[in-house]
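Here is how the chains run, residue by residue.
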Amino acid sequence: MNYFITYNGQTIGPMSVEQLVSYPVTPNTPVCTEDNHEWHPLYTHPELMEALHRATCDNVDMPTTDKDKTLCGILALLLGGFGAHYFYLGKIGGAFICLLLSLVTCGLWGFITFIQGILILTMTQTQFEQKFVLSKSTFPIF
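What you see is a predicted model; the values in this text were computed from it and never measured.

Some remarks on the pairing of strand E2 (residues 10–15)
In this sheet, E2 lies alongside strand E1 (residues 3–7) in antiparallel orientation, the contact comprising four bridges. Pairing of Thr6 across the sheet is with Thr11, part of E2. Here E1 folds back onto E2 in antiparallel fashion, the turn holding two residues, of which Asn8 has a positive phi close to 55 degrees.

As for the packing of helix H3 (residues 69–79) against helix H6 (residues 109–122)
Running from amino to carboxyl end, H3 crosses H6 at an angle of 160 degrees, the nearest separation of the two axes being 7 Å. Judged on the interaxial angle alone, H6 and H3 are roughly antiparallel. When you trace H3 past H6, the crossing you get is left-handed. Of H6, the residues touching H3 (which contributes Lys69, Thr70, Cys72, Gly73, Ile74, Ala76 and Leu77) are Thr113, Phe114, Gly117, Ile118, Ile120 and Leu121.

Here we look at the side chain of His85
Mapped onto the elements of the fold, His85 is located in helix H4 (residues 84–89). Residue His85 is classed as buried on the basis of its relative accessible area, which comes to 0%.

Overview of the nonpolar core
Core analysis: the biggest nonpolar cluster contains 13 residues, and Tyr3, Ile5, Leu20, Val25, Val31, Leu42 and Leu48 have the highest contact counts within it. Elements that contribute at least two residues to this core include exactly E1, E2, helix H1 (17–21) and helix H2 (46–58). Not counting residues up to four positions away in its chain, the partners in contact with Ile5 are Gln10, Thr11, Ile12, Met15, Leu20, Tyr23, Val25, Thr29, Pro30, Val31 and Trp39.

The rules behind each value
- Residues numbered from 1 in each chain as written.
- Predicted model: local features only at pLDDT ≥ 70, side-chain atom pairs only at ≥ 80, totals over all residues.
- Heavy atoms only, no water.
- Pairing = 2+ DSSP bridges.
- Helix = DSSP H or I, 4+ residues; strand = E, 2+ residues; numbered from the N terminus.
- Axes fitted to C-alpha atoms, helices over the stretch in contact; angles between N-to-C directions.
- Parallel < 35°, antiparallel > 145°, perpendicular 65-115°, else oblique.
- Left-handed = near helix turned anticlockwise from the far one by under 90°.
- Contact = heavy atoms within 4.5 Å.
- Buried < 20%, exposed > 50% of the residue type's maximum accessible area, 1.4 Å probe, protein only.
- Core = buried A, V, L, I, M, F, W, Y, C linked by side-chain atoms within 4.5 Å.

Any functional reading would require information that these geometric values do not contain.
Next comes the structure, spelled out in structure tokens:
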């Protein structure tokens with residue numbers, strides 16, 4: 001069976017289930033079939049919901065970079081005042097800012113990086129990569 005969806009105000013289709021879930025669809029995306037030309041939300045089609053669930057579950061926490069969040073979190077816990085986790089991430093500017101803040105605050109900045117390490121360890125891999133690895137920010141804190 002082929003489906004049509006409404007995406008960015010345009011009708012797209014006909015397409016298979018696999019093609020449909022490759023679009024950024026949600027359960028509320030309007031869908032119609034070739035057989036029935038009435039538009040209904042995607043969630044009213046069990047086969048589409050199952051495919052959408054499979055597509056989103058397959059992509060959960062799949063690392064897209066080679067940076068390990070556990071190692072980064074441990075570096076932040078133990079050597080965060082020296083900016084070791086920023087050096088590991090390749091954010092050299094952030095590492096030097098961290099060193100400078102540690103010097104200016106007489107080491108109290110280490111408490112902030114300790115908290116940051118805990119937060120890094122409790123994030124999912126995807127959240128970690130978005131916040132710290134793939135971010136354009138030189139000095140992502142929280």
